[in-house]
2 protein chains.
Amino acid sequence: MLPGVGVFGTGSTARVLVPLLKAEGFEVHALCGQSEEEACCLAKELSIPFHTSRSDDVLLHQDVDLVCIYIPPSMTRQIAVKALGIGKNVVCEKAATAVDAFKMVTAARYYPQLLSIMGNTLRFLPAFVAMRQLLVEGYVGELQVCDVRVYGPSLLDQSYGWTCEELMGGGGLHTVGSAIIDLLSYLTGARAHRVHGLLRTFVQQNGLIRGIRRVTSDDFCFFQMLMGETGSRSVCCTVTLNFNMPGTFVHEVMVVGSSGRLIARGTELYGQRNGSKSEELLIGDSGWVGPEVKEMPLPLLQGLSSMVKALRQSFQAHEERRCWAQGPVATAPTFEDGLYVQTVVEAVKRSSCSGEWECVEIMSHEPDPNQNLCEALQRNKI
Amino acid sequence: MLPGVGVFGTGSTARVLVPLLKAEGFEVHALCGQSEEEACCLAKELSIPFHTSRSDDVLLHQDVDLVCIYIPPSMTRQIAVKALGIGKNVVCEKAATAVDAFKMVTAARYYPQLLSIMGNTLRFLPAFVAMRQLLVEGYVGELQVCDVRVYGPSLLDQSYGWTCEELMGGGGLHTVGSAIIDLLSYLTGARAHRVHGLLRTFVQQNGLIRGIRRVTSDDFCFFQMLMGETGSRSVCCTVTLNFNMPGTFVHEVMVVGSSGRLIARGTELYGQRNGSKSEELLIGDSGWVGPEVKEMPLPLLQGLSSMVKALRQSFQAHEERRCWAQGPVATAPTFEDGLYVQTVVEAVKRSSCSGEWECVEIMSHEPDPNQNLCEALQRNKI
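Here the residue numbers are simple positions, counted from 1 along each chain's written sequence. Think of it this way: whatever chain is written first is A, whatever ligand is written first is 1, and the rest follow in order. Where local features are concerned, this predicted model is filtered to residues with pLDDT of at least 70; where side-chain atom pairs are given and counted, the filter is 80 or more; whole-chain, interface and lining totals use all residues. To get the side-chain values, all heavy atoms of the structure are used, and hydrogens and water are removed first.

## Brief notes about the domain arrangement of chain A
Residue and element names in this part refer to chain A.
So, point 1. Where each domain begins and ends follows an automated or database-derived domain assignment. Taken domain by domain, chain A comprises domain 1 (4-121 + 298-335) and domain 2 (123-283).
So, point 2. In this structure, domain 1 and domain 2 have C-alpha centres spaced 25 Å apart.
So, point 3. Listed by partner, the interface residues are 19 residues for domain 1 and 18 residues for domain 2.
So, point 4. Here domain 1 and domain 2 share an interface that buries about 1,600 Å² over both sides, 69% of which is from carbon and sulfur atoms.
So, point 5. For the domain 1 face of the interface with domain 2, the top three residues by lost area are Lys94, Pro299 and Thr331, together amounting to 33%.
So, point 6. The term polar contact refers here to a pair of N or O atoms within 3.5 Å; inside protein, the definition further demands a hydrogen-donor-capable atom paired with an acceptor-capable atom, and it admits residues adjacent in sequence only when both atoms are side-chain atoms. At the surface where domain 1 touches domain 2, the tally comes to four residue pairs in polar contact (both at pLDDT 80 or more).
So, point 7. Among the elements of the structure, α4 (73-86) and α8 (298-316) are those that each provide at least two residues to the side of domain 1 that touches domain 2.
So, point 8. Residue contributions to the side of domain 1 that touches domain 2 peak at seven residues, all from α8.
So, point 9. Residues of the side of domain 1 that touches domain 2, tallied by class, amount to 11 nonpolar, seven polar and one charged. Should any heavy atoms of two residues lie within 4.5 Å, those residues are counted as being in contact. As a working definition, buried area equals the accessible area (1.4 Å probe) given up by two parts on being put together, with both sides summed. Numbering of helices and strands runs from the N terminus; a helix is a DSSP stretch of H or I covering at least four residues, while a strand is a stretch of E covering at least two. Side-chain classes follow a simple rule in which Ala, Val, Leu, Ile, Met, Phe, Trp, Tyr, Cys and Pro form the nonpolar group, Asp, Glu, Lys and Arg form the charged group, and the remainder, Gly included, forms the polar group.

Here is the structure:
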């Protein structure tokens, strides 16, 4: 039986998610927005019976068994941890920092019977499911290189907000790079051990952001990850993100191996073995029939849609509306994956400052908050 | 009046160059190969009246006023410097090391009346001539990012030779990366001051190279260059070279600025201003009618052809067959450019070893050969 859903967030993702949930048979009982007005407006638009700006009202809502959290990164941890504590299943976006991600991991470990997955995922997109399967089957031979690029228009909101602020989780690396870092670890079955990167904010002000306000989040980022085995046998991943390209959207993931390659362009998958003269189309465009969202690239949109389908299958398997089956969501990114991704993001940012390759070391215990404060103060001085 | 030409080399470039020279009205009088047999064979094929394996026979040939040197990098410096000393005009490929490139610069400075240009150039390709012009005219606004990718099949020769040896000037970075480094400095009008890179040799042995022999030259390389102004206003260039992709050839140069972008795919040029919804074709495929060469990508082939045309114009302007006009070859890469390119190549290699950003410092005096020897010995130990 499908659980009742409470949604946090009134942004573009929440706006897309609710219809997707409904289409799969979920009932969305409650919506929480940052302001009463935003919540009211979207609840009316999407026909959600209850809305509020107080998070507890949704978390404690008796019909809500699954909480979907699509809010600014800096607020995610608090809601996610609380939701688990109250006994709700959680699907949520990434947190703002590794410390937050670690706290979420701790909560998820404490309530293993509850579903807790990262909900900004490309893993469920059919092209990437097929790509992974083909990699496992040896289509490309021994994997050598992954090359990813995402080009698009600015990620900044219409008004000044968290998207402009690096420390609040804004920027291409945190917003889009996260999904790529997660995807590459899913595809390769490995994790990055060393990273190198460079971040830039080419557009620091625009018509809406001016005066003393400046954008600090990156609009251009390239980074490299060495994954899997150390030494010369590691897989080299290069990722280029550029959000100074209005009017275009490029989302390309290429994996090259000793005997062939696979390329996902948007939602399509192409392959070419070393012997053959041209590419073959392996997964075509499925002909998206869901809502079109200007700010949301099709791969992310379809990924979200596929995830909702997997959620439905997971919950449908059980009679009890809070229970879920592992199978359909087995490949979903866990909070542990979220911590890994956040750790890589922070290592890339460190590398951009230091100019050096940085090691990816996953946090194993919560850092002393005072030491953290000192580091933050020191960083601001530089 | 056009000068008589002597050609060094029997490889694929020399094989293409001779017909191109003849088509423009140059007379090719002499050919020099590494072995008598190779020279004889190619001279017969291309109807060149004189062939030899002794370089002096071509350099001292009385009908030869222009020497074109397309031989393995480690032998280029010796021939080029000697040719200038004898009073011949020189077009040549890159040298193997910065020290060699520096010696060539010294010779070129000593004989300023002689033509001395680097002949492996993309600068003359119409798409890049137009791209540069549009950059100057402000099509993209303030330049932010250059993104280059070249993918293709293996660069290794059929048998073991210099192409397999990093120290002999083999590898994707040295062979193809050089042309890209030169092109980017031509397009941006700036030079790299810091570089970072990673080189890999994924295929160390194959059916022809086995036993104790191993390939040491890179078949995968990515590097970043910070160009022009230092600090946050420098242009970020990212270059990805992958030669483990048989059956494909991708040659893409993209420049992104504050108000638009230009993309050269192969020999075509596309542009998109920030306001517009789609790309416009600016320079179409010219419909190449010259020889097709399997090992030589079309942009390089057409670049070579355009360079030969420029050479013809340069020499045609004068009555005296050894004299040439600056105008038509004004944008050709000089030996100084060759030294810059070689310096960047070596800095990228250093960075790949050190893992750090390396400064690009152009040699201003010849290093002590003994010190050089020590360094070479040390490097071999590592």
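## Digging into the packing of α4(A) against helix α5 (residues 98-110) of chain A
Residue and element names in this part refer to chain A.
So, point 1. For helices, the fitted axis covers only the stretch in contact; all axes are lines through C-alpha atoms, and the angles between them, taken along N-to-C directions, range from 0 to 180 degrees. α5 packs onto α4 with a crossing angle of 10° between their chain directions and a minimal axis gap of 9 Å. Relative to α5, the element α4 is oriented roughly parallel. Contacts between α4 and α5 involve Ser74, Thr76, Arg77, Ala80, Val81 and Leu84 from the former and Asp100, Lys103, Met104, Ala107 and Ala108 from the latter.
So, point 2. Looking at the contact of α4 with α5, its residues break down into six nonpolar, two polar and three charged. For classification, angles of less than 35 degrees are called roughly parallel, those exceeding 145 degrees roughly antiparallel, those between 65 and 115 degrees roughly perpendicular, and all remaining angles oblique.

## Here's the deal with the sheet that holds strand β11 (residues 250-257) of chain A
All names here are of chain A.
So, point 1. Paired strands, in this sense, are two strands between which DSSP finds at least two bridges. Pairing is mixed across the open sheet formed by nine strands, whose spatial order is β14-β13-β12-β11-β7-β10-β9-β8-β15. The sheet is open, and its two edges are formed by β14 (280-283) and β15 (358-359), each paired on a single side.
So, point 2. The strands that helix α7 (residues 172-188) touches are β7 (143-151), β8 (192-200), β9 (220-227), β10 (235-242) and β11; relative to β9, the one it contacts most, it runs at about 25°.

## Section: the relation of the copies chain A and chain B
So, point 1. Alignment of copies: least-squares fit on C-alpha atoms of residues with pLDDT of at least 70 in both copies. Its rotation angle being 180°, the transformation that places chain A on chain B also includes 0.0 Å of axial translation and leaves an RMSD of 0.0 Å. Given the turn and translation reported, the copies of this chain are related as if by a two-fold rotation axis. It is A:Glu356 whose C-alpha, among those of chain A, lies nearest the rotation axis, at 2.6 Å.

## As for the sheet that holds strand β5 (residues 89-92) of chain A
All names here are of chain A.
So, point 1. On the basis of which strands lie adjacent, the open sheet formed by six strands has the order β3-β2-β1-β4-β5-β6 and parallel pairing. A single partner strand is all that each edge strand has here, and the edge strands are β3 (50-52) and β6 (116-118). Strand after strand, the sheet turns through a mean of 20° between neighbouring axes, direction not considered.
So, point 2. The pairing of strand β2 (residues 27-32) with β3 spans three bridges and is parallel. Its bridge partner being in β3, Cys32 is matched across the sheet by Thr52.
So, point 3. Where α8 meets the sheet, it contacts β4 (66-69), β5 and β6, and its direction lies at approximately 170° from that of β5.

## Quick notes on unusual backbone geometry
Residue and element names in this part refer to chain A.
So, point 1. In this model, Ser47 sits at a positive phi of 55°, which is unusual for a non-glycine residue.
So, point 2. Among the secondary structure elements, Ser47 is positioned in the loop between α2 (36-46) and β3.
So, point 3. For Ser47, a relative accessible area of 54% gives the class exposed. Relative accessibility under 20% of the residue-type maximum defines a buried residue, over 50% an exposed one, and the middle range a partly exposed one, all with a 1.4 Å probe and only protein chains included.

## Some details on the environment of B:Leu20
Residues and elements named next belong to chain B.
So, point 1. Looking at the secondary structure, you find Leu20 in helix α1 (residues 12-23).
So, point 2. In this structure Leu20 comes out as buried when scored by relative accessible area, which is 8%.
So, point 3. Taking the C-alpha atoms as reference, Leu20 lies 6.9 Å from Val308; in sequence the two are 288 residues apart.
So, point 4. Aside from chain neighbours lying at most four places away, what touches Leu20 is Trp288, Leu304, Ser305 and Val308.

## Observations regarding the environment of A:Met131
Residues and elements named next belong to chain A.
So, point 1. Along the polypeptide, Met131 turns up in helix α6 (residues 126-137).
So, point 2. Given a relative accessible area of 0%, Met131 falls into the buried group.
So, point 3. Through-space distance from the C-alpha of Met131 to that of Ser12 is 28 Å; in sequence the pair is 119 residues apart.
So, point 4. In this structure, Met131 is in contact with Leu187, Val253, Val255, Leu262, Ile263, Ala264 and Leu269, ignoring residues within four places of it in sequence.

## Overview of the packing of aromatic side chains
So, point 1. Only centres within 6.5 Å qualify two rings of Phe, Tyr or Trp (six-membered ring in Trp) as a pair; their planes then separate them into stacked at under 30 degrees, edge-to-face at over 60, and tilted for everything else. This model, assessed by the stated rule, comprises six aromatic pairs over all chains.
So, point 2. For the ring pair A:Phe220 and A:Phe222, a centre distance of 5.7 Å and an interplane angle of 75° mean the geometry is edge-to-face. Each member of the pair, A:Phe220 as well as A:Phe222, carries the same accessibility label: buried.
So, point 3. On the numbers, 5.9 Å between centres and 55° between planes, the contact of B:Phe202 with B:Phe220 is tilted. Of this pair, B:Phe202 sits in the loop between β8 (192-200) and β9 (220-227) while B:Phe220 sits in strand β9, and the two are 18 residues apart along the sequence. Judged on exposure class, the residue B:Phe202 and its partner B:Phe220 are both buried.
So, point 4. Members of the aromatic cluster, connected to one another through ring pairs, are A:Phe202, A:Phe220 and A:Phe222.

## Structural notes on the interface of chain A and chain B
For an interface, size is often stated in terms of accessible area lost upon the parts coming together.
So, point 1. The interface is formed by 36 residues belonging to chain A together with 37 residues belonging to chain B.
So, point 2. Buried area between chain A and chain B, summed over both chains or domains, comes out near 3,100 Å², and the portion from carbon and sulfur atoms is 57%.
So, point 3. By the criterion of area lost to chain B, the three top residues of chain A are A:Gln144, A:Arg200 and A:Phe202, representing 16% of everything that side buries.
So, point 4. Any Lys or Arg side-chain nitrogen found within 4 Å of a carboxyl oxygen on Asp or Glu counts as a salt bridge. Here chain A is connected to chain B by two salt bridges.
So, point 5. The partner of A:Asp147 in a salt bridge is B:Arg149, with the nearest N and O atoms 3.4 Å apart.
So, point 6. Run the count over chain A and chain B and you get 15 residue pairs in polar contact (both at pLDDT 80 or more).
So, point 7. Residue assignment for the side of chain A that touches chain B shows that the elements contributing at least two residues are β7, β8, β9, β10 and β11 of chain A.
So, point 8. The element that contributes the greatest number of residues to the side of chain A that touches chain B is β7(A), accounting for five residues.

## Examining α6(A)
So, point 1. Between the first and last residue of a helix there are one fewer steps than residues, each counted as 1.5 Å, and that sum is the expected span. Between the first and last C-alpha of α6(A) there are 16 Å, a value that for 12 residues agrees with the 16 Å anticipated at 1.5 Å per step.
So, point 2. If you follow the buried residues of α6(A), they end up packed against β7, α7, β11, β12 (260-265), β13 (268-273) and β14 of chain A.

## A few points about the pairing of strand β12 (residues 260-265) of chain B
All names here are of chain B.
So, point 1. Most of β12 sits inside the fold, with five of its six residues counted as buried.
So, point 2. The pairing of strand β11 (residues 250-257) with β12 spans five bridges and is antiparallel. For Val256, the partnering residue across the bridge sits in β12 and is Arg261.
So, point 3. The turn linking β11 back onto β12 is made up of two residues.
So, point 4. In terms of strand pairing, β12 meets strand β13 (residues 268-273) through six bridges, oriented antiparallel. Within the sheet, the bridge partner assigned to Arg261 lies in β13 and is Gln272.

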